[in-house]
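Listed here are the chains, written in short residue letters.
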Amino acid sequence: MTAPRWIIHLPTTLTSREVAAGLAAALRMSLDHVEVIDFGETTLSEEDAQYLRHRVWCDARLDDGRRCRLRDGHPGSCGTAGEG
């Protein structure tokens, strides 16, 4: 049996889903070196609807074992170039 993973909920004062996704992208860029953070699993939710979560990144597994770093719902093939 593996130990449970813990989730850090980080409320913001942002009022737009796109702006919140931009903040998530900025946090990923600045904290990507911290190996214990799984940015691929990042989700967003409205304050009063936290049960309804929206994925930020695709995170599909690529052939080489890495994960897609493009935004969820991106057009075309998965990849790792850029931050979406």
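Residues numbered from 1 in each chain as written. Predicted model: local features only at pLDDT ≥ 70, side-chain atom pairs only at ≥ 80, totals over all residues. Heavy atoms only, no water.

1. As for a nonpolar patch on the surface
A cluster of nonpolar side chains, Ile8, Leu10, Leu14, Val19, Leu23, Leu27, Leu31, Val36 and Ile37, forms an exposed patch at the surface whose accessible area comes to about 820 Å². Structurally, the position occupied by Leu10 is in the segment before α1 (17–31). Residue Leu10 is classed as exposed on the basis of its relative accessible area of 61%. (Patch = residues over 30% accessible without salt bridge, like charges linked within 9 Å, V, L, I, M, F, W, Y side chains within 5 Å. Areas by Shrake-Rupley, 256 points an atom, 1.4 Å probe, with all protein chains shown as cover. Salt bridge = Lys/Arg side-chain N within 4 Å of Asp/Glu carboxyl O. Helix = DSSP H or I, 4+ residues; strand = E, 2+ residues; numbered from the N terminus. Buried < 20%, exposed > 50% of the residue type's maximum accessible area, 1.4 Å probe, protein only.)

2. Considering the pairing of strand β2 (residues 49–55)
Taken residue by residue, a regular strand's side chains alternate between the two faces of the sheet. Looking at chain direction, strand β1 (residues 43–46) and β2 are connected through three bridges and run antiparallel. Counterpart to Glu46 in the pairing with β2 is Ala49. (Pairing = 2+ DSSP bridges.)

3. So, the state of the cysteines
This structure, assessed with the given rule, holds zero disulfides. Cys58 carries a free sulfur, and the closest cysteine sulfur to it, the one in Cys78, is 3.7 Å from it. As a non-bridged cysteine, Cys68 has Cys78 as the owner of its nearest cysteine sulfur, 3.9 Å distant. (Disulfide = S-S within 2.5 Å.)

4. Regarding the pattern of salt bridges
As enumerated under the stated definition, the model contains six salt bridges in all. For Asp38, the salt bridge is made with Arg5, and the minimal N-O distance between the two is 3.6 Å. Taken together, the residues span a long stretch of sequence, with Asp38 in the loop between α1 and β1 and Arg5 in the segment before α1 at a distance of 33 residues. We classify Asp38 as partly exposed; its relative accessible area is 38%. Salt-bridge contacts for Asp64 lead to Arg66; the nearest nitrogen and oxygen are separated by 2.7 Å. Here the residues in one salt-bridge network are Glu41, Arg55 and Asp59, joined through shared partners.

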